[in-house]
Amino acid sequence: AFIMFAARQSFNLFQKRAFSASASQASKVAVLGAAGGIGQPLSLLLKLNPRVSELALYDIRGGPGVAADLSHINTNSTVTGYNPDAAGLRDCLKDSEIILIPAGVPRKPGMTRDDLFNTNASIVRDLAKAAAEAAPKAHVLVIANPVNSTVPIVSEVYKAKGVYDPKRLFGVTTLDVVRASRFISQVQKTDPAGEKVPVVGGHSGVTIVPLLSQSNHASISGETRDALVNRIQFGGDEVVKAKDGAGSATLSMAMAGARFAESLLRAAQGEKGVIEPTFVDSPLYKDQGIDFFASRVELGPNGVEQIHPVGQVNEYEQKLLDACLVDLKKNIQKGVDFVKANP
Ligand code: NAD
Ligand code: LMR
């Protein structure tokens, strides 16, 4: 019996080792739009992440150059840049566990994110088609704006190809919570590392709804609160104005995208309780015809594990939510309609 027990124990140990080795080895991450303002620093941060074993970079120009540069960094992952053609895109995507999409044009001063729709909708649709064919089981992380519309575009493409898994599609809204945490720490003169402000809704203007009543500073009120909420909702505009025609947030976005990818990899590799706010196919407002909504989401090996409700909000926040839902519904419908009209 002892021999049997010992044999079983060592087999279990072997299995565990085999599992953890294959879990970490399996982490191929693809970045589409890798040579852009976000794509380059995002790829750099992913190259520094020991959970990533293979980094696959695609862009309509410059992918191989960025890959050659990053490949000299002395971390274990391999880096490959792919040719800007259909075969290159397919090879880049194949076997990916995570696909990040920062491909698309950024805003200039005076533009809304929705003004990017005409250019970015077809870019995201075409990349989604390729992803649905080459790596239908990968987690897709959409960064390209307008996120409120580009995420529904990806879901429609996946539905049309019969491979849609709502648990594996994410609009990256991490930058909103990163900003909220930093901005509140500046007002309260605290360490941002300890500040967690839930931000729900979508990712543009009034669809960005910070819930200060659920932060460490629930009593913030009056003009201080109004200014803080406004800064979180329009933080993107601050960067667009400062860059003065040269684009929008890239470095802070790279950090936010890398953080989200890292959270997914941690969850995929077995860690429990990994929670990130993100824009997903959500039951929370489906009864009002709103199929996608950002809230705190627990991540697991298959992507979305549990979608947390918005929780208790005060009267002021309820008004913000009401305004959010009106815009969000239109933004989502616009993405769905686009794919129906331009499959
Ligand atoms: P950028 O112009 O610097 O880079 C975009 C890159 O995408 C370029 O290298 C371009 O060659 C590439 N590209 C264009 N079409 C492509 C295609 N079909 N396939 C592959 N690559 C393609 O722009 P950026 O500053 O990196 O911003 C990218 C997008 O991210 C914008 O839409 C921007 O609004 C958005 N963004 C989102 C967030 C967010 O919080 N979700 C934050 C910042 C920016
Ligand atoms: C942001 O929030 O910084 C991005 O969505 C880019 C933008 O257009 O503001």
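Not measured: the values here are computed from a predicted model.

## Side note on the site of ligand 2
For ligand 2, the full set of nearby residues is Arg107, Arg113, Asn145, Leu175, Gly236, Val239, Val240, Ser248 and Ala249. Broken down by element, the shell around ligand 2 gets its largest block of residues, three residues, from helix 9 (residues 235-243).

## Observations concerning the site of ligand 1
Near ligand 1 you find 33 residues, and of these Gly33, Gly36, Gly37, Ile38 and Asn145 are the closest. Its residues assigned to classes, the shell around ligand 1 shows 19 nonpolar, eleven polar and three charged.

## Some points on helix 2 (residues 39-47)
Looking only at helix 2, the buried set comprises Gly39, Gln40, Leu42, Ser43, Leu46 and Lys47. For helix 2, the angular spread of buried residues about the axis comes to 165°, placing them on one side.

## Observations regarding the nonpolar core
Counting 96 residues, the largest nonpolar core has Ile99, Ile101, Leu141 and Val142 as its most contacted members. No other element matches the ten residues that helix 10 (residues 251-268) contributes to this core. Apart from the residues lying within four places of it in its own chain, the contact partners of isoleucine 99 are Ala30, Leu32, Leu93, Ala131, Ala135, Ala138, Val140 and Leu141.

## Overview of the packing of helix 6 (residues 147-160) against helix 11 (residues 315-341)
For any two helices packed against each other, one specifies the crossing angle of their axes together with the interaxial distance. One can describe the packing of helix 6 onto helix 11 by two numbers: an axis separation of 7 Å at closest approach and a directional angle of 40°. Between helix 6 and helix 11, the crossing angle belongs to the class labelled oblique. At the point where helix 6 passes helix 11, the crossing takes the right-handed sense. On helix 11, the residues touching Asn148, Ser149, Thr150, Pro152, Ile153, Glu156 and Val157 of helix 6 are Leu328, Asn331, Ile332, Lys334, Gly335, Val336, Phe338 and Val339.

## Quick word on unusual backbone geometry
The residue after asparagine 145, namely proline 146, is reached through a cis peptide bond having omega -5°. With respect to the element layout, proline 146 can be found in the loop between strand 5 (139-142) and helix 6. One non-glycine residue, aspartate 95, adopts positive backbone phi at about 70°. By the C-beta count within 10 Å, which is 14 here, aspartate 95 ends up partly exposed. Positive phi is not limited to glycine here, since aspartate 244 has a value of about 50°. Tracing the chain through its elements places aspartate 244 in the loop between helix 9 and helix 10. Residue class for aspartate 244 comes out exposed when judged on the 9 C-beta atoms lying within 10 Å of it.

## Looking at the confidence of the model for the protein
When the pLDDT values of the protein are averaged, the result is 94; 92% of them are 70 or greater. Scored by ipTM, the complex comes to 0.99, with pTM at 0.94.

## So, the packing of helix 2 against helix 10
It is the contact of helix 2 with helix 10, at a shortest axis distance of 8 Å, that shows an interaxial angle of 40°. When the interaxial angle is binned, helix 2 and helix 10 end up oblique. The chirality of how helix 2 crosses helix 10 is right-handed. Residues Pro41, Leu42, Leu45 and Leu46 of helix 2 pack against Leu251, Ala254, Met255, Gly257, Ala258 and Ala261 of helix 10.

## Digging into helix 9
For helix 9, the full list of buried residues reads Gly235, Gly236 and Val240. Projected down its long axis, helix 9 carries its buried residues within an arc of 140°, all on one side. Where helix 9 is buried, its residues touch helix 7 (174-188) and helix 8 (222-233). Positioned one or two residues after helix 9, aspartate 244 has a phi angle of 50°, which is positive.

Quick notes on the rules
Residues numbered from 1 in each chain as written. Chains lettered and ligands numbered in written order. Predicted model: local features only at pLDDT ≥ 70, side-chain atom pairs only at ≥ 80, totals over all residues. Near = placed C-beta within 6 Å. Helix = DSSP H or I, 4+ residues; strand = E, 2+ residues; numbered from the N terminus. Nonpolar A, V, L, I, M, F, W, Y, C, P; charged D, E, K, R; others polar. Buried ≥ 20, exposed ≤ 12 C-beta atoms within 10 Å, placed from the backbone. Arc of directions from axis to C-beta. Core = buried A, V, L, I, M, F, W, Y, C linked by C-beta atoms within 7 Å. Contact = placed C-beta atoms within 7 Å. Axes fitted to C-alpha atoms, helices over the stretch in contact; angles between N-to-C directions. Parallel < 35°, antiparallel > 145°, perpendicular 65-115°, else oblique. Left-handed = near helix turned anticlockwise from the far one by under 90°. pLDDT = per-residue confidence, 0-100.

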